[in-house]
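# Commentary on secondary and tertiary structure
One-letter residues, chain by chain:
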Amino acid sequence: MGELTASLAHELNQPLTGILSNAQAALRIIDADPPDLAAVRAILRDIVEDDRRAADVIDRLRGLLRKGESEMYHLDLNAIVRAVVKLLGSDTVIRNVTVVMDLDAAVRPVNADRVQLEQVLLNLLLNAMEAMAEQVGGDRTVIVRTRAETDAAVVTSVEDCGPGLRRGTQQMVFEPFYTTKKTGLGMGLAIARTIIEAHRGKIWAEANSRGGATFHFRLPVAAAIRQ
Amino acid sequence: MTRVEPIVFVVDDDPSVRRGLDRLLRAAGHRVETFASAKEFLERSEHDGPQCVVLDVRMPGQGGIELHDQLVASGRDIPVIFITGHTDVPTAVRAMKAGAVDFLSKPVDDAELLGATGLALERDRRRWEAERSFRDAGA
């Protein structure tokens, strides 16, 4: 999802760039005497085409997140964590990272869209692994925890020992296009927040005792939603 | 003295962005050549005259930053203006330290782009004239 949304954002910026530079070129061309109307016509066609392209991108993004179209089931968060960690198996080997699962058997099912939750976890785990990418030697462990916080809520946490969050950025990291990576587009955590909030949950970040960052998200348990 | 026309090179993988920038720069009076990839650009013979490159950061294959690094490493001191789809401060800082003229975010506004290309071409004209008089003196 991180990569997917990143490429969607990129795809959206491309037609916007085409539209702006074409429109600004046209403004200059019509000021010429005589104006080259054939050139302006070609430009307008490109602008129409780019506009359609942008609309398609937004449609796809909406398709990913549309409420009501998501498929909500009672899901075992522990099972989802295990599935995502398994999915990342080869990545962890390549990046020489150890993922430790500390899963609370007492967590109750949540009412959630499996694909969307997997995407949130995937984003958080990939971020955690990337945060430690420049750590030479030493600890390269990511810890994923689930906890039954109360009878009504489950908290999932992803803890890394990378360089940690920059001071004062705990909120900012969830803003769209906020990134500290060379290649990221800063959409991963923004999308994670959108998904978690659509599930009536909450996501937040804090510094941890290993010097890294921990991302938590709290979801209501399925029975609690029905009440 | 022969008058050599400056060229603005545009490297971006997106055809629509290429056409838009090409038209805009032409409408402002520049001679422009566009390329769909770093590879295509590197295959073009070196232009003997003032020049600058408008370079997309994110492209499939070799990205803009890598292309710039390669140009610098091979001694081709062409002024580079980066254009990028997202604000990425560390990359921008790195690019500016490596000698980029500017780092503009997409969608690129004409005033910014034309300001940066004007500056880049002026800077490169001085470089080129110095090189040429050095060559002429040697010949």
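Quick look at the structure, then.

Rules used in this analysis
Residues numbered from 1 in each chain as written. Chains lettered and ligands numbered in written order. Predicted model: local features only at pLDDT ≥ 70, side-chain atom pairs only at ≥ 80, totals over all residues. Heavy atoms only, no water. Helix = DSSP H or I, 4+ residues; strand = E, 2+ residues; numbered from the N terminus. Buried < 20%, exposed > 50% of the residue type's maximum accessible area, 1.4 Å probe, protein only. Areas by Shrake-Rupley, 256 points an atom, 1.4 Å probe, with all protein chains shown as cover. Phe/Tyr/Trp six-rings, centres within 6.5 Å; stacked < 30°, edge-to-face > 60°. Pairing = 2+ DSSP bridges. Axes fitted to C-alpha atoms, helices over the stretch in contact; angles between N-to-C directions. Parallel < 35°, antiparallel > 145°, perpendicular 65-115°, else oblique. Left-handed = near helix turned anticlockwise from the far one by under 90°. Contact = heavy atoms within 4.5 Å. Nonpolar A, V, L, I, M, F, W, Y, C, P; charged D, E, K, R; others polar.

In terms of helices and strands, chain A carries seven helices and seven strands. Along chain A, helices and strands appear, N-terminal first, in the series α-α-β-α-α-β-β-α-β-β-α-β-β-α. Of all 227 residues assigned to chain A, the portion counted as buried reaches 44%. Per element, the accessible surface of chain A, about 11800 Å² overall, is 54% carbon and sulfur.

All names here are of chain B. Going through the model one piece at a time under the given rule, you end up with five aromatic pairs over all chains. Between the aromatic rings of Phe35 and Phe41, the centroid separation amounts to 5.3 Å while the plane-to-plane angle is 80°, which identifies the pairing as edge-to-face. Grouping residues by exposure puts Phe35 and Phe41 together as buried. Summarising the aromatic geometry, the rings of Phe82 and Phe103 are spaced 5.7 Å apart at their centres and angled 45° between planes, so their arrangement reads as tilted. Here Phe82, found in strand E4 (residues 80-84), pairs with Phe103, found in strand E5 (residues 102-105); they are 21 residues apart in sequence, far enough to count as distant. For the pair Phe82 and Phe103, one class covers both residues: buried. Taken together, the ring pairs in this structure connect Phe9, Phe35 and Phe41 into an aromatic cluster.

Next up on the list: the sheet that holds strand E6 (residues 202-207) of chain A. Residue and element names in this part refer to chain A. If you trace the five strands from one edge of the open sheet to the other, you get E2-E4-E5-E7-E6, paired in mixed fashion. Whereas interior strands pair on both sides, the edge strands pair on one side only; in this sheet they are strand E2 (98-103) and E6. The sheet shows a mean angle of 15° between the axes of neighbouring strands, taken without regard to direction. One ladder, built from six bridges, connects strand E4 (residues 141-148) with strand E5 (residues 153-159); its direction is antiparallel. Paired with Ala148 across the strands is Val154, a residue of E5.

On to the packing of helix H3 (residues 77-87) of chain A against helix H5 (residues 114-131) of chain A. Residues and elements named next belong to chain A. The geometry of H3 relative to H5 is characterised by a closest axis approach of 10 Å and an angle of 55° between their N-to-C directions. It follows that H3 is oblique to H5 by the angle criterion. In terms of crossing hand, the pair formed by H3 and H5 is right-handed. Residues Leu77, Ile80, Val81, Val84, Val85 and Leu87 of H3 lie in contact with H5, whose contacting residues are Arg114, Leu117, Glu118, Leu121, Leu122 and Leu125. Looking at side-chain class alone, the contact of H3 with H5 contains 10 nonpolar, no polar and two charged residues.

Residue and element names in this part refer to chain A. Secondary-structure assignment places Lys202 in strand E6. The partly exposed category is assigned to Lys202, whose relative accessible area is 45%. Expressed as a C-alpha distance, the spacing of Lys202 and Pro220, which sit 18 residues apart in the sequence, is 9.5 Å. The residues contacting Lys202, other than those within four sequence positions of it, are Ile196, His216, Phe217 and Arg218.

It is worth spelling out the environment of Ala120 of chain B at this point. All names here are of chain B. Residue placement: Ala120 occurs in helix H5 (residues 110-138). Taking the C-alpha atoms as reference points, Ala120 and Val101, separated by 19 residues in sequence, lie 6.4 Å from one another. The residues touching Ala120, leaving out its near neighbours within four places in the chain, are Cys52, Pro79, Ile81 and Val101.

Another aspect to go through is the side chain of Asp22 of chain B. Residues and elements named next belong to chain B. Looking at the secondary structure, you find Asp22 in helix H1 (residues 15-27). Residue class for Asp22 comes out buried when judged on its relative accessible area of 16%. If near-sequence neighbours (up to four positions away) are discounted, Asp22 is found in contact with Val32 and Thr34.

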